[in-house]
Amino acid sequence: MTMSARAPTRWNVAAAKARFSEVIARAARRPQIIANRNREVAVVLDAATFRKSEAARTAAEPAARLRRFLELSARLRVKGGGAFRVPRRSSRRSPFSKARDL
């Protein structure tokens, strides 16, 4: 950890262990990075920031996106909207039908 007038945000493991209460207190103001042999291994966050991060991560997962889509679709159907026409398929030439010279 480097000492300066500004609150440090990076700690080595030994310093973080020795001053754990201070790490926790400072995490309330800004994330605290824990490094082991100059490699970042952990971040200490305040609980509110962690919860927001977890909610955003969970919302971005495919199952959550599908669930949200289905919920919105159901609401749209209840309101009587959402009808759209799918155009009929038309014949077209397949780019894979012709043998290619190797």
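Provided above is the structure to which this section pertains.
Below: a short report on this structure. (Residues numbered from 1 in each chain as written. Predicted model: local features only at pLDDT ≥ 70, side-chain atom pairs only at ≥ 80, totals over all residues. Heavy atoms only, no water.)

**Regarding the pattern of salt bridges**
What counts is decided by this rule: What counts as a salt bridge is simple: a side-chain nitrogen of Lys or Arg found within 4 Å of a carboxyl oxygen of Asp or Glu. Helix numbers and strand numbers start at the N terminus; a helix is a DSSP run of H or I with at least 4 residues, a strand a run of E with at least 2. Using a 1.4 Å probe on the protein chains alone, a residue whose accessible area is under 20% of its type maximum counts as buried, one over 50% counts as exposed, and one in between counts as partly exposed.
Applying the stated criterion across every chain, the model contains five salt bridges. When the shortest N-O distance is used, the salt bridge between Glu22 and Arg26 registers 2.6 Å. Taken together, the positions of Glu22 and Arg26, both in helix H2 (residues 20-27) and four residues apart, correspond to about one turn of that helix. Overall, Arg26 belongs to the buried group, its relative accessible area being 16%. Residues Arg57 and Glu61 are paired through a salt bridge, measuring 2.9 Å at the closest nitrogen-oxygen approach. One connected set of salt bridges, linked through shared partners, spans Arg19, Glu22 and Arg26.

**Focus on a nonpolar patch on the surface**
Note the cut-off: Like charges are joined within 9 Å and nonpolar side chains (Val, Leu, Ile, Met, Phe, Trp, Tyr) within 5 Å, but only among residues with over 30% relative accessible area and no salt bridge; these make up the patches. Computed with a 1.4 Å probe, the accessible areas rest on the Shrake-Rupley method; for each residue, only the protein chains presented here act as cover.
Taken together, Val43, Leu45 and Phe50 make up a surface patch of nonpolar side chains, about 260 Å² in accessible area. With respect to the helices and strands, Phe50 occurs in helix H3 (residues 47-60). With relative accessibility at 45%, the residue Phe50 sits in the partly exposed group.

**As for the sheet that holds strand E2 (residues 32-36)**
Basically, it comes down to this: At least two DSSP bridges between two strands are needed for those strands to be called paired. To get an axis, fit a line to the C-alpha atoms, keeping to the stretch in contact for a helix; angles then go from 0 to 180 degrees between the N-to-C directions. In this description, contact between two residues means that some pair of their heavy atoms is separated by no more than 4.5 Å.
Sheet architecture is open: three strands sit in the order E1-E2-E3, paired in mixed fashion. A single partner strand is all that each edge strand has here, and the edge strands are strand E1 (10-12) and strand E3 (39-44). Averaged over all neighbouring strand pairs, the angle between strand axes comes to 35°, with direction disregarded. Alignment of E2 against E3, held across five bridges, turns out to be antiparallel. Note that in E3 the partner of Ile33 across the bridge is Val43. Taken strand by strand, H2 contacts E1, E2 and E3, and its axis lies near 140° from that of E2.

**Some details on the side chain of Gln32**
Put simply, the rule reads: Under this definition, polar contacts are N or O atom pairs within 3.5 Å; protein pairs additionally need one hydrogen-donor-capable and one acceptor-capable atom, and for neighbouring residues in sequence, both atoms have to be side-chain atoms.
Checked against the element boundaries, Gln32 lands in strand E2. The exposure class of Gln32 is buried, given its relative accessible area of 0%. Polar side-chain contacts of Gln32 include one of 3.0 Å to the backbone oxygen of Arg30.

**Focus: the environment of Arg30**
Along the chain, Arg30 falls in the loop between H2 and E2. Judged by its relative accessible area of 27%, Arg30 is partly exposed. Measuring from C-alpha to C-alpha, the distance between Arg30 and Thr9 comes to 7.3 Å, with 21 residues separating the pair along the chain.

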